[in-house]
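Structural overview
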Amino acid sequence: MHLRSFTSTLFSGLPAKRALLILALLVQGGSVAGYLYLERGWIEAGVVQSLRNVSSMHMRSFEQLETTLNYQLATVADEMQEMGVHADNPQKRKLLLSKETKHGWLDTVAVLDSTGKIIALDSGVPVASVLPATVLANNSFKDSPQYRLIYDRWVESTSAFVARPFAAELGGGGMMTYQMIRSPDGKTMGSVVGFTSLHSLSVLLNTDAVRGFDLGKDGVLAILDYHTREMLYRYTYAGDPQAGHKGGGQTISSSSFRDTRYGPDVKFYRSTVDGLERLVVLAPLHDARWLQMVAQSKNEYLFNWRIQAAITGLVFACICVLQWLLLDVFHQNQVQRKVLEYDALHDLMTGLANRRKFFSWTETIQHQSDRYRQPWSVLALDVDHFKKVNDTYGHDAGDAVLRTLADILRANIRDCDIAARFGGEEFIIGLPQTEQHGAAVVAERIRQALAETVVTVNGQDIRCTVSIGIAEYQPQSGMNMQNVLKQADAALYRAKAWGRNRVVLAKDLTAPAIAAKPVKDGRKVSVTH
């Protein structure tokens, strides 16, 4: 009964251990998650710095490209000024323009007079893909709204993106560059218009990727209209500069951007073109008329991190399962070890201490008694006529009587006392800081409790009595445990000889210390003979 209670108490500690393990796993998991979160932040911060470097490189490249285009067109304008816009020298004009289109900066160059009429034209791409049909039909830019807007503003030079969705060979459009031709006295003689297709623009700007600024196959370089957010140019780093660009026409809403902690120039952007979310760096371009957007896909820069996070999560899950299983194994081993330790120091049937535990306990008590000069007592108990109980009622009845006596002993001693079964029907009780007379009071209480207890086994009522001998240990008297036990046994034997069911003190073996009265319950007399 008590062994099962002890074991169940140990097993009841398993939920507490599991709760502690869960708490530890939560701390470990939180630490791992925190580290992964910080690592992701470090990766993202590094990507932001790289994007800013790439953005700066592209801005310089684009500014150099614009400078080069303006210089080339200014060279043409100067040549045309010297030879005269209306000079009858078509071969020279043709040679001049073809030389510019062969450089790769310009795909098409056209010279216009002051009215917008085309007086010279050279193109390395189909002219129908570059110029609107009305311009080709009239051989004039006069009625082109964009040309009139530039001309009426008296702009010396400018650039603008134009869309040509039908011209796939150009990438769907290009960038038009305009340069005014003036006479030495400031009069307008005409203008030079250059066209660089998106295909050529991508080839020129793609040199940055070749230099080591590749943003991955999903990286994007785009140019937007600063005010309308219309996409003017979009290039993806797909590895092929001839296939990664497209023209404008699409407008990006402000809801496509999300703020980041890296400043107003860095945003999260979900593309409506391919649905990918990217980290982008925005920078004003072309006197803040355009907005450059350099972006890298989350799928690109978080690819390795996501693999690491997945592997870490899998490993952590395996560790959790392993720790959980090990906890069960550890608990089972602990329970088994405790049970073995308990069995080694206790009587399995009664749950009382055995000889080994009793003698280990007496060593400590003896040292304390000698140190503090306090006596202590030993009670030797023996069930009267126990063999007769076994023979009459069976061994199950005898075991029940012993367990009942053990319960009575536990109920009548203090926590600091010890009750042990020495074998068979023999029991020993140790009472620290107790003289013989005090021990006799405890012994009489135990004797009387057993005498008044009815043990029922298989419908049969059994009454038993117990004889008790008491010996006292005197501190610093030269006594040892064997001497005390011999005195207690001698007192016990005297109690047996004087009629049983009584308590005898070792210091007075000439007469019984306490005489017991016969106990009756109206049905049978207790076994005392």
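Here we summarise the structure given alongside this text. Just so it is clear, the model here is predicted, and its values are computed rather than measured.

1. Quick look at the sheet that holds strand S4 (residues 173–182)
What the 5 strands build is an open sheet, ordered S2-S1-S5-S4-S3; its pairing is antiparallel. Since the sheet does not close on itself, it has two edges, and those belong to strand S2 (118–123) and strand S3 (157–163), each with one partner. Each strand of the sheet is rotated relative to its neighbour by a mean of 15°, with strand direction disregarded. Here 5 bridges tie strand S1 (residues 108–113) to S2, and the two strands are oriented antiparallel to one another. Looking at S2, one finds that valine 109 is bridged to aspartate 122.

2. As for the pattern of salt bridges
Overall, the coordinates contain 16 salt bridges when judged by the stated rule. In this structure, the salt-bridge partner of aspartate 382 is lysine 496, at a minimum N-O distance of 2.7 Å. Taken together, the residues aspartate 382 in strand S13 (residues 376–383) and lysine 496 in helix H14 (residues 481–497) connect sequence positions 114 residues apart. When sorted by exposure, aspartate 382 lands in the same class as lysine 496, which is buried. Put simply, aspartate 407 and arginine 410 hold a salt bridge, and the shortest N to O gap is 2.8 Å. Residue aspartate 407 and its partner arginine 410 are located together in helix H12 (residues 395–412), separated by 3 residues, close to a single helical turn.

3. So, the packing of helix H10 (residues 355–372) against H14
Contact geometry of H10 with H14 gives a least axis separation of 11 Å together with a crossing angle of 110°. When the interaxial angle is binned, H10 and H14 end up roughly perpendicular. Residues Phe358, Phe359, Thr362 and Gln366 of H10 form the contact with H14, whose participating residues are Met481, Gln482 and Leu485. For the contact of H10 with H14, the per-class residue count stands at 4 nonpolar, 3 polar and no charged.

4. Brief notes about unusual backbone geometry
Phi at asparagine 139 takes a positive value of approximately 55°, unusual for a residue other than glycine. Note that asparagine 139 resides in the loop between helix H4 (133–138) and helix H5 (145–152). With relative accessibility at 34%, the residue asparagine 139 sits in the partly exposed group. Positive phi values are uncommon outside glycine, yet asparagine 501 reaches one of about 50°. Mapped onto the elements of the fold, asparagine 501 is located in the loop between H14 and strand S19 (503–505). Asparagine 501 sits in the buried class, given a relative accessible area of 3%.

5. Digging into the pairing of strand S6 (residues 220–225)
Across the 6 residues that make up S6, a large majority, 5, are buried. Following S6, the chain reverses through 5 residues before pairing antiparallel with strand S7 (residues 231–236); arginine 229 in that reversal takes a positive phi of roughly 60°. Across 6 bridges, the pairing between S6 and strand S12 (residues 290–297) is antiparallel. Following the sheet pairing, isoleucine 223 is matched in S12 by glutamine 292.

6. Concerning the packing of aromatic side chains
Under the definition given, this model contains 11 aromatic pairs. Aromatic side chains phenylalanine 257 and tyrosine 269 sit 5.1 Å apart centroid to centroid with 25° between the ring planes, which places their arrangement in the stacked category. Here tyrosine 269 lies in strand S10 (residues 266–270) and phenylalanine 257 lies in strand S9 (residues 257–259), a separation of 12 residues in the sequence. Taken as a pair, phenylalanine 257 and tyrosine 269 share a single burial class, namely buried. If you follow arginine 229 out to its NZ or CZ, it ends over the ring of tyrosine 226, 5.8 Å from the centre. The ring of phenylalanine 268 carries lysine 298 above its face, with NZ or CZ at 4.3 Å from the centroid.

7. What to know about the side chain of threonine 465
Assignment of secondary structure puts threonine 465 in the loop between strand S17 (460–462) and strand S18 (466–473). Residue threonine 465 is classed as buried on the basis of its relative accessible area, which comes to 0%. A polar contact of 2.7 Å, which involves the side chain of threonine 465, links it to the side chain of aspartate 384.

Here is what the cut-offs are and how they apply
Residues numbered from 1 in each chain as written. Predicted model: local features only at pLDDT ≥ 70, side-chain atom pairs only at ≥ 80, totals over all residues. Heavy atoms only, no water. Pairing = 2+ DSSP bridges. Helix = DSSP H or I, 4+ residues; strand = E, 2+ residues; numbered from the N terminus. Axes fitted to C-alpha atoms, helices over the stretch in contact; angles between N-to-C directions. Salt bridge = Lys/Arg side-chain N within 4 Å of Asp/Glu carboxyl O. Buried < 20%, exposed > 50% of the residue type's maximum accessible area, 1.4 Å probe, protein only. Parallel < 35°, antiparallel > 145°, perpendicular 65-115°, else oblique. Contact = heavy atoms within 4.5 Å. Nonpolar A, V, L, I, M, F, W, Y, C, P; charged D, E, K, R; others polar. Phe/Tyr/Trp six-rings, centres within 6.5 Å; stacked < 30°, edge-to-face > 60°. Lys NZ or Arg CZ within 6 Å of the ring centre and 35° of its normal. Polar contact = N/O pair within 3.5 Å; in protein donor to acceptor, adjacent residues only side chain to side chain.

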